Amino acid sequence: MIKSLFDNENGIFMGAKKNPDNCSIGIFGVNYDGTCSFKPGTRFGPEAIRQVSICLETYCPKLDKDLQDVKYVDFGSILIDKNDSESIIESVKSATNYLISKSLSPIMLGGEHSITRGAIEALVKKYPDLILIQLDAHADLRESYIGNKHSHACTMKRCLEVLPEKKILQIGIRSGTKEEFQFMNDNNQLVNFLPGGNTQELKKALLPYSNSPIYLTIDLDWFDPSLLAGTGTPEPGGFFWNDFEEILKTLKDFRIVASDIVELSPEIDKSGVSSIVAAKVLRSLILSLENMQ
Ligand SMILES: [Mn+2]
């Protein structure tokens, strides 16, 4: 089963196991950037995160947790047909279902943002009350983009279609069409959170969901381009590391059951800092995910 889904011949994330036995978290990559609208390169994201991860400490002072106390497996990257955006979603769904069958909480590494839909589709079978939290510069609520409804510019729209609760909280969105902003406002799903600000509004928005399973999707262009330049569609006016930690601190009291980190395009940032930020995001997520029951 593992062999037909994943290619794990390459490196793995720091401290990860190669075998899922006794692990509580499963990591896999999706080396795909086929619908990318501006600069491709996110297919190199998962490998870049793994490569730089050795420079991180295992201990996170903010969360007061250590990677050494968690058992997590890195399956490598899933096998995909790069020419068929619909089949990619199906492959992501199969990989996520496999992890669920092993009671592994999934963390997926992109690749581009369109892959999120596949993971959500698999997870709502186990968690029908799943809600989605999105950190992103872009609304991603288009019905279709350049003739493709599975474009990364449409990913939240596609996720909403398969979420029974139809609940998504969007944080940091600063780019989109007038219609997308209208939709976010009409549905009360754009959370007011500014760089350097507090998470009062997020806490308020999360009040009815204290017990709900949460999928946290992190498009790295949420961060400011001055911190994270290595992404295909950078947007000025973004967030910094402390902002991310504030959000994680707030989410500590909630149930994050699965997550993804998408849109790292490592070759755009020759300094390599973007990949290190992404690897640190992954460390934070491993330390924040709830064990699957
Ligand atoms: Mn984005």
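Presented here is an overview of the structure given in this document.

What counts, and at which threshold
Residues numbered from 1 in each chain as written. Predicted model: local features only at pLDDT ≥ 70, side-chain atom pairs only at ≥ 80, totals over all residues. Heavy atoms only, no water. Buried < 20%, exposed > 50% of the residue type's maximum accessible area, 1.4 Å probe, protein only. Helix = DSSP H or I, 4+ residues; strand = E, 2+ residues; numbered from the N terminus. Pairing = 2+ DSSP bridges. Right-handed = clockwise from strand over helix to strand, strands pointing away. Donors = N, O, S within 2.8 Å, 3.2 Å for Na, K, Ca; no water. Contact = heavy atoms within 4.5 Å. Axes fitted to C-alpha atoms, helices over the stretch in contact; angles between N-to-C directions. Phe/Tyr/Trp six-rings, centres within 6.5 Å; stacked < 30°, edge-to-face > 60°. Lys NZ or Arg CZ within 6 Å of the ring centre and 35° of its normal.

As for the pairing of strand β11 (residues 255–262)
Logical step 1: Judged by how many residues are buried, β11 sits mostly within the fold: 7 of 8 residues are covered.
Logical step 2: Two strands pair when backbone bridges link them, and strand β6 (residues 105–110) and β11 are joined in this way by 3 bridges, in the parallel orientation. The residue bridging I107 from the neighbouring strand is S259, located in β11.
Logical step 3: The sheet contact formed by strand β10 (residues 213–219) and β11 spans 7 bridges and is parallel. Following the sheet pairing, D219 is matched in β11 by V262.
Logical step 4: Between the parallel elements β10 and β11, the chain passes through helix α8 (residues 241–251) in a crossover that is right-handed.

So, the coordination of the manganese ion
The expected angle between donors at a tetrahedral four-coordinate metal is 109.5 degrees. At an octahedral six-coordinate metal it is 90 or 180 degrees.
Logical step 1: In this structure, D136 (OD), H138 (ND1), D219 (OD), D221 (OD) and D221 (OD) serve as the protein donors to the manganese ion, at separations of 2.2 to 2.7 Å.
Logical step 2: The sequence motif formed by the donor residues of the manganese ion is D-x1-H-x80-D-x1-D. In this structure, D136 and H138 share a single accessibility class: buried.

Let's talk about the sheet that holds strand β1 (residues 6–7)
Logical step 1: Taken in spatial order, the 9 strands make up an open sheet running β1-β5-β2-β6-β11-β10-β7-β8-β9, and their pairing is mixed. The open sheet is flanked by β1 and β9 (190–191), the only strands paired with a single partner.
Logical step 2: As paired strands, strand β7 (residues 131–135) and β10 are joined by 5 bridges and run parallel to one another. Residue pairing across strands places L135 opposite I218, the latter belonging to β10.
Logical step 3: Along the sheet face, helix α4 (residues 116–126) touches β6, β7, β10 and β11 and points at about 175° away from the line of β10.

Points about the packing of aromatic side chains
Logical step 1: A full pass over the atoms with the stated rule returns 11 aromatic pairs.
Logical step 2: Pairing F223 with W241 gives two aromatic rings, centres 6.2 Å apart and planes at 10°, and the pair type is stacked. Of the two residues, F223 is situated in the loop between β10 and α8 and W241 in helix α8; the sequence distance between them amounts to 18 residues. W241 shares its class with F223; the two are buried.
Logical step 3: Across from the ring centre of Y127, 5.6 Å away, lies the NZ or CZ of K126, which sits over that ring.
Logical step 4: The ring of F183 has K157 sitting right over it, with the charged end atom 5.2 Å from the ring centre.

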